[in-house]
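# Structural overview
Residue-level listing of the chains:
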Amino acid sequence: FSIKMVPTKPYDGQKTGTSGLRKKVKVFMQENYLANWIQALFNSLPTEDYVNGVLVLGGDGRYFNKEAAQTIIKIAAANGVAKILVGQDGILSTPAVSAVIRKRKASFCISFPANGGFIMSASHNPGGPDYDWGIKFNYSSGQPAPESITDKIYGNTLSISEIKMATIPDVDLSCVGVTKFGNFVVEVVDPVADYMELLESVFDFQLIRSLLSRSDFRFTFDAMHAVTGAYAKPIFVEKLGASPESITNGVPLEDFGHGHPDPNLTYAKDLVDIMYGENGPDFGAASDGDGDRNMILGRSFFVTPSDSVAIIAANALEAIPYFRDGIKGLARSMPTSGALDRVAEKLKLPFFEVPTGWKFFGNLMDSGKLSICGEESFGTGSDHIREKDGIWAVLAWMSIIAYRNKETKSGERLVSVSDVVKEYWATYGRNFFSRYDYEECESEGANKMVDHLRDLISKSREGDRYGEYVLRFADDFSYTDPVDGSVASKQGVHFVFTDGSRIIFRLSGTGSAGATIRVYIEQFEPDASKHDLDAQIALKPLIDLALSISKLKDFTGREKPTVIT
Ligand code: VG1
Ligand code: CO
C-alpha cells in the first residue's frame, strides 16, 4: 500500500486528563481531530516501540468507535506498525486490553511483542451522538501511559502539521481472522479468550461454581449495556454456571441504552432497587462503560469501594489462589479511605498512597512492590494486569463469599456480603466515607473555589481548630514515584485532622464539559456499636464543615451534589 501525507493543523486542548483524552463526540468528529492525536502519539514514542511491532486495539462499543478504529488502523499502518490485534467488532474492555498486551508480550516470539494498545472509550461517561468519546493509550506492560508520555503527546498535538495515512480499505472487524496489506497485518481476535484464560489462572473457578450452583445463593449482574455485556455471559453463565437471567442489560449498545454507564448508587439505580427490594438477590454487581469499574452489593447492602479493596486484601490469601504465595504490597489513591491502611498494618505489608488515576499504580506493580490496590471511585484491581478490573472484583468477592460458605450447607444460613463487611468492621474499625460530586459546574467558580482552598491551606497551621476538629495538616497532595522519581503535584487539597478524619477537594480530570468538583469525606470509627449508622448521618458534621470552609455554595451556586456515593 502507499502512504498519503495528509496536511493538518493543530487543535487546542488535546491534553489527556486522569484517564485518556475525553471530549464530546462532536469534537472528535471534527476533521483530523482524532487523527492528529494518534499521529502525535506516534511522533512521541521511540520508533523501536512500534515500528515492526504489534499494537492492540479495542473499545467499549460506544458510538463513533467503528469509524475511529479504521482511522487508527490506517495511521498505525502508515507509521510502520507490523500488526494490529483488534477485538471483534472493535470490542475489548479496558482490563482485557491490558491482559492482551501482557499476554502477547510474554508469549509472542520476542522480535514481535505487543508493545501497547489503544482503548476507544470515555469509560463511565455516557455515549451517543450528543455525548462523550475518548481514547486511552496503554504501554508495554499494559499500564495506562505515564504522564511523561502523555505530556509529550500533548506537546506534539500543538505543532502537528501532517498525518501519515495508509491507503488501505476499511477492514471488516466483524469476523475473527487475519487480513494482510503487504507487510501490515490486522488480526481480529475474540475479545474474551485471553482475558478469561487469565482470570481462570487467578481464581478458583470450581469454588465460585460451587457457590453459584447453590439454590440459596442468588446472583445478579448489570452490564449497563456496556462492554461487560460481551464478557458476562461467557464468564458468569457459560463458564461459572450462573443462570442466563442473572445478567441484565447484557448487550453492549452504542449509547448504553441512553444510560450513564457508571456503576454507583445514582446511575445504577435499577440494580440498587432490585437489591434493596423485597426478597432481593444475595449478591449484585455492575460494571462501567469500559469494564474497569465495579459496584458490589449484598441484599439491601452497599459495599463502599474503599471498604471493598480492604476486604479483598484481608481475605485474598485464603480465598484467591493467585495470592497464595503472598501479597507484595497494598496501595490506594489519596482520596480513598484509610481502611486499606489498617489491613496493610495488620498484615505488615508495604503500603503506598498515590494520586487519583490508575496510571500511578503501574510502576509499583512492575517493580514488585504492589499486589492489590483500589480507588474510592469503584476501581479495584491487582497486578494480574495493569488496569482496574470490574469482573476481577466481582470474582474476588464471589471467591470470598464462596470460601466463607465452604462449610455451610444448602439450606443453612449463608454467610452474606453484609456479614463479611460487618465482621471486617468489627476487626478493623469502620472508615465512614462519602463522596459528593458537583457535575458540570461553571469552570470559573470551581477554579475560584480551588484558589480559595489553596489560600486557606497556605495560612493553616497544625493545631488550628475547625469546630470539633483539630488540624494535623493541610496541603495540596504531591507524590514522588518511588520507582522513577517522577513528581505529580497539585493532586488535591486535603485537610487531615488529629483523629484521622479527612476532607479532600479535587477537580475531576475525566469530564467533557465544565468542571466537576469532588468532595471526599472520611471519619474513622472504632466503636462497633456505631458501625451500623448511615454514613450520611455519621459524617454530617464533617460534610457541613467541608461545605463551609470551601464556600462551595457561594462559588458554584449549587445547593446539592449531583451524585452522592
Ligand atoms: C475519575 C475517578 C478516578 C478514576 C478515573 C478513571 O477521575 O475519580 O479515581 O481513576 O475517573 O476511571 P476524575 O479525575 O474524574 O476524578 V474510568 O473508569 O473513567 O477510566
Ligand atoms: Co472505566
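Since the model is a prediction, treat every value here as computed from it, not as a measurement.

### Focus on the site of ligand 1
Taken together, 18 residues surround ligand 1, and among them T18, S123, S508, G509 and T510 come closest. Its residues placed into classes, the shell around ligand 1 shows 1 nonpolar, 12 polar and 5 charged.

### Re the UniProt feature "domain: Alpha-D-phosphohexomutase alpha/beta/alpha" (unreviewed entry) in the protein
Taking the numbering used here, the UniProt-annotated feature "domain: Alpha-D-phosphohexomutase alpha/beta/alpha" (unreviewed entry) corresponds to residues 14–161, 194–296 and 306–408. For the annotated span residues 194–296, helix accounts for 35% and strand for 14% of the residues, and the straight-line distance between the end C-alpha atoms is 25 Å. Taken end to end, residues 306–408 comprises 41% helix and 16% strand; its first and last C-alpha atoms sit 28 Å apart.

### Quick notes on the environment of P281
Tracing the sequence through the fold places P281 in the loop between α9 (269–276) and β12 (283–287). Using a count of 18 C-beta atoms within 10 Å as the deciding quantity, one classes P281 as partly exposed. Residues contacting P281, with those up to four places away along its chain left out, are R218, F219, T220, I274, M275 and R299.

### Description of the pairing of strand β6 (residues 132–138)
Within β6, 7 of the 7 residues are buried, which leaves the element mostly enclosed by the surrounding structure. Where burial is concerned, the two faces of β6 agree: the one with D132, G134, K136 and N138 and the one with W133, I135 and F137 are both buried. Pairing geometry for strand β2 (residues 21–24) and β6, over 4 bridges, is antiparallel. Paired with K23 across the strands is W133, a residue of β6. Pairing between strand β5 (residues 114–120) and β6: 4 bridges, direction antiparallel. Directly across from G117, in β6, lies its bridge partner N138.

### As for the nonpolar core
Residues A313 and L330 are the most contacted members of the largest nonpolar core, which totals 139 residues. The leading source of residues in this core is helix α13 (residues 390–404), at 11 residues. Residues contacting A313, with those up to four places away along its chain left out, are I327, L330, L340, V343 and I372.

### Overview of the sheet that holds β5
With mixed pairing, the 7 strands of this open sheet are ordered in space as β2-β6-β5-β3-β4-β9-β8. Of all the strands in the sheet, the pair left with one neighbour each is β2 and β8 (177–181). Adjacent strand axes in the sheet meet at a mean angle of 15 degrees when their direction is disregarded. As judged from the 6 bridges shared by strand β3 (residues 54–59) and β5, these two strands associate in the parallel manner. The residue of β5 that forms the bridge with V56 is G117. Its contacts with the sheet put helix α3 (residues 65–78) on β3, β4 (83–91), β5, β8 and β9 (184–189), and the angle it makes with β4 is roughly 175 degrees.

### Describing the domain arrangement of the protein
In terms of domains, the protein is made up of domain 1 (3–190), domain 2 (195–428) and domain 3 (430–564). Domain 1 and domain 3 are separated by 36 Å when their C-alpha centres are compared. Contact with domain 1, which involves 11 residues of that partner, is made by 5 residues of domain 3. Where the side of domain 1 that touches domain 3 is concerned, the elements lending two or more residues are β2 and α5 (147–157). Broken down by element, the residue count for the side of domain 1 that touches domain 3 peaks at 3 residues, all from β2. For the side of domain 1 that touches domain 3, the residue count by class is no nonpolar, 6 polar and 5 charged.

Conventions used here
- Numbering of residues starts from 1 in every chain and runs along the sequence as written.
- Chains and ligands are labelled sequentially in the order written, the chains with letters from A and the ligands with numbers from 1.
- For a predicted model such as this one, the threshold for reporting local features is a pLDDT of at least 70, and the threshold for listing and counting side-chain atom pairs is 80 or more; totals across whole chains, interfaces and linings nevertheless cover every residue.
- For each residue, a C-beta atom is placed from the backbone, and the residue counts as near a molecule or strand when that atom lies within 6 Å of it.
- Any residue that is not Ala, Val, Leu, Ile, Met, Phe, Trp, Tyr, Cys, Pro, Asp, Glu, Lys or Arg is counted as polar, Gly included; the first ten are nonpolar and the last four charged.
- UniProt positions are given in the numbering used here, feature names are shortened, and annotations may be inferred rather than shown by experiment.
- Helical segments are the DSSP runs of H or I of at least four residues, strand segments are the runs of E of at least two, and each set is numbered from the N terminus.
- Partly exposed residues are those whose C-beta has more than 12 but fewer than 20 other C-beta atoms within 10 Å; with 20 or more the residue is buried, with 12 or fewer it is exposed, and the C-beta atoms are placed from the backbone.
- Contact between two residues is assigned when their C-beta atoms, built from the backbone, lie within 7 Å.
- Any two strands between which DSSP finds at least two bridges are classified as paired.
- In this description, a nonpolar core means buried residues of the types Ala, Val, Leu, Ile, Met, Phe, Trp, Tyr and Cys, linked to one another by C-beta atoms lying within 7 Å.
- Axis geometry follows a simple rule: fit a line to the C-alpha atoms, using only the stretch in contact for helices, then measure angles between N-to-C directions, giving values from 0 to 180 degrees.
- Boundaries between domains were set according to an automatic or database domain assignment.

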